[in-house]
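Listed below, chain by chain, are the residues.
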Amino acid sequence: MLNITNLEAQVEEKQILKGLNLTVNPGEIHAIMGPNGAGKSTLASVLAGREDYEVTAGSVSLDGEDLLELSPEDRARKGVFLAFQYPVEIPGVSNKLFMQTALNAIREEQGLPALDMFDFDEYAQAKIELLGMRKDLMDRSVNVGFSGGEKKRNDIFQMALLEPKLCILDETDSGLDIDALKVVANGVNTLRSPDRSFIVVTHYQRLLDYIKPDFVHVLYNGQIVKSGGFELVHELEKNGYDDIVQAHTAA
Ligand code: ADP
Ligand code: MG
Ligand code: MG
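Quantities reported herein were computed from a predicted structural model and do not represent experimental measurements.

Enquirer: In this structure, what is going on with the overall build of the protein chain? I would like to understand it.
Expert: Counting secondary structure elements, the protein chain contains nine helices and twelve strands. In terms of overall dimensions, the protein chain is globule-like: its C-alpha atoms have a radius of gyration of 18 Å, near the 18 Å expected for 251 residues. Dimensions of the protein chain along its principal axes, counting C-alpha atoms only, are 60 × 40 × 35 Å. Scored against the burial criterion, the 251 residues of the protein chain give a buried share of 47%. A separation threshold of at least 6 residues defines the contact pool for the protein chain, and within that pool the share at least 24 residues apart is 68%. With an accessible surface of roughly 11,800 Å², the protein chain has 48% of that area assigned to carbon and sulfur atoms. Separation of charge centres in the protein chain, based on 24 positive and 39 negative side chains, amounts to 4 Å.

Enquirer: What exactly am I supposed to notice about the packing of helix α3 (residues 95–109) against helix α4 (residues 117–131) here?
Expert: Pairs of packed helices are described in terms of their axes, by the angle between the two and the distance that separates them. Axis separation between α3 and α4 bottoms out at 11 Å; the angle between their running directions is 100 degrees. Considering their axes alone, α3 and α4 lie roughly perpendicular with respect to each other. Residue-level inspection shows Lys-96, Met-99, Gln-100 and Leu-103 of α3 in contact with α4, the latter providing Met-117, Phe-120, Asp-121 and Tyr-123. By residue class, the composition of the contact of α3 with α4 is five nonpolar, one polar and two charged.

Enquirer: Any chance you could explain the site of ligand 1 here in plain terms?
Expert: Looking at ligand 1, there are 13 residues lining it, with Asn-36, Gly-37, Lys-40, Ser-41 and Thr-42 nearest. Here an oxygen atom of ligand 1 and a side-chain polar atom of Asn-36 are 2.9 Å apart. Here Lys-40 contributes a backbone N or O atom positioned 2.8 Å from an oxygen atom of ligand 1. Relative to its unbound accessible surface of 560 Å², ligand 1 loses 67% to contact with the protein. When contributions to the shell around ligand 1 are tallied by element, the ones reaching two or more residues are β2 (14–24) and α1 (40–48). The biggest single contributor to the shell around ligand 1 is α1, with three residues.

Enquirer: Just to check I follow, could you spell out the sheet that holds β2 for this structure?
Expert: Two pairing modes exist for strands in a sheet, parallel and antiparallel, and in both the strands are linked by backbone hydrogen bonds. Strands sit in the order β2-β1-β4-β5 across an open sheet of four strands; the sheet is antiparallel. Each end of this open sheet is capped by a strand with a single partner; those strands are β2 and β5 (65–66). Lying on the sheet, α1 is in contact with β1 (2–11), β2 and β4 (53–62); it crosses β1 at an angle near 110 degrees.

Enquirer: For this particular structure, what's the right way to read the sheet that holds strand β6 (residues 80–83)?
Expert: The six strands are arranged β6-β9-β10-β3-β11-β12 in an open sheet whose pairing can be described as mixed. Among the strands making up the open sheet, the edge pair consists of β6 and β12 (223–228). Looking at each pair of strands side by side, their axes are set apart by 20 degrees on average, direction ignored. Here four bridges tie strand β3 (residues 29–33) to strand β10 (residues 197–202), and the two strands are oriented parallel to one another. Bridge pairing links His-30 to Ile-199 in β10. The strands touched by α1 are β3, β6, β9 (166–171), β10 and β11 (215–220); relative to β9, the strand with the most contacts, the crossing angle is about 145 degrees. Along the sheet, helix α8 (residues 231–239) makes contact with β3, β11 and β12, crossing β12 at roughly 115 degrees.

Enquirer: Would you mind going over the pairing of β1 with me for this structure?
Expert: For a regular strand, side chains alternate in direction, first toward one face of the sheet and then toward the other. Bridging between β1 and β4 involves eight bridges; their strand directions are antiparallel. When the bridges of β4 are listed, Asn-3 appears paired with Ser-61. Pairing analysis gives eight bridges linking β1 to β2, with the strands arranged antiparallel. For Leu-7, the partnering residue across the bridge sits in β2 and is Leu-20. Between β1 and β2, which pair antiparallel and follow one another directly, the connecting turn spans two residues, one of which, Glu-12, has a positive phi of 45 degrees.

Enquirer: How should I be thinking about the nonpolar core in this particular structure?
Expert: Across soluble globular proteins, nonpolar side chains show a tendency to be buried alongside one another. Ranked by size, the top nonpolar core spans 46 residues in total, and within it Phe-120, Met-133, Ile-156, Phe-157, Met-159, Leu-169 and Phe-198 carry the most contacts. Here this core takes seven residues from helix α6 (residues 178–191), the largest share from any one element. Leave out the neighbours within four places in its chain, and Phe-120 touches Lys-96, Met-99, Gln-100, Leu-103, Leu-115, Met-138 and Leu-161. One finds Leu-7, Ala-38, Leu-47 and Leu-82 within the second-largest nonpolar core, a separate group that totals 27 residues.

Calculation notes
- Residues numbered from 1 in each chain as written.
- Chains lettered and ligands numbered in written order.
- Predicted model: local features only at pLDDT ≥ 70, side-chain atom pairs only at ≥ 80, totals over all residues.
- Heavy atoms only, no water.
- Helix = DSSP H or I, 4+ residues; strand = E, 2+ residues; numbered from the N terminus.
- Rg over C-alpha atoms; globule rule 2.2 N^0.38 Å.
- Buried < 20%, exposed > 50% of the residue type's maximum accessible area, 1.4 Å probe, protein only.
- Contact = heavy atoms within 4.5 Å.
- Areas by Shrake-Rupley, 256 points an atom, 1.4 Å probe, with all protein chains shown as cover.
- Lys, Arg positive; Asp, Glu negative; His and termini not counted.
- Charge placed at Lys NZ, Arg CZ, Asp CG, Glu CD.
- Axes fitted to C-alpha atoms, helices over the stretch in contact; angles between N-to-C directions.
- Parallel < 35°, antiparallel > 145°, perpendicular 65-115°, else oblique.
- Nonpolar A, V, L, I, M, F, W, Y, C, P; charged D, E, K, R; others polar.
- Near = heavy atom within 4 Å.
- Polar contact = N/O pair within 3.5 Å; in protein donor to acceptor, adjacent residues only side chain to side chain.
- Pairing = 2+ DSSP bridges.
- Core = buried A, V, L, I, M, F, W, Y, C linked by side-chain atoms within 4.5 Å.

Have a look at this one:
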């Protein structure tokens, strides 16, 4: 499904990703861990196509199609979802209208008819119930005045609405209480399906205890330097990144 090969990327002429390889198959959950500054958010940003991130080498394909050629909007239409680390606020635009517009753009790509306000309400209500969320989230301006936990709920809600093929979550964890972490984990676990994949970027292991990823990767200095299964989370929790950092700075 997703194939990242030898990816190199720069931010403000500084080389951040230095030859990163990753393959994600349908239905898999991949966790990306690593120390601060390793390039985790840069990877998420490159996949989402955010400006300021310049790909200088390598390739990224989604279902055989060159993802890097597509605009961020087209990536979203193709089913790539990025829950931003710092979600943007849009005063004066209700969550409902924002999400109806986003969903209809994706439906158009899929050759499906647009949902009018009535049908969208019904569809959204079902998602709210599925996730056990509060309905008033829909009527508020996008992210305006949301607490950290509400922003997380909103990220997950948006993800559930858009039914993406590939979900990329970039989590700082810091500042999130256990309840908010559980919202994220519950959302991922609820939306998990054989044809949907997740890349969960996180600095800490706590979130992963609830999600139980299939694969765990350590990103350090712009490359994936170690991969394993869920057991790697606890190995890292016990030993930290020191060994990995030392092994890669020794030379
Ligand atoms: P992580 O998410 O693993 O903590 P980041 O991808 O955020 O790491 O950052 C990797 C490196 O890229 C850091 O040295 C950071 O300072 C730099 N960086 C990231 N984004 C920008 C940006 N917009 N402008 C300048 N430097 C950036
Ligand atoms: Mg960081
Ligand atoms: Mg980050």
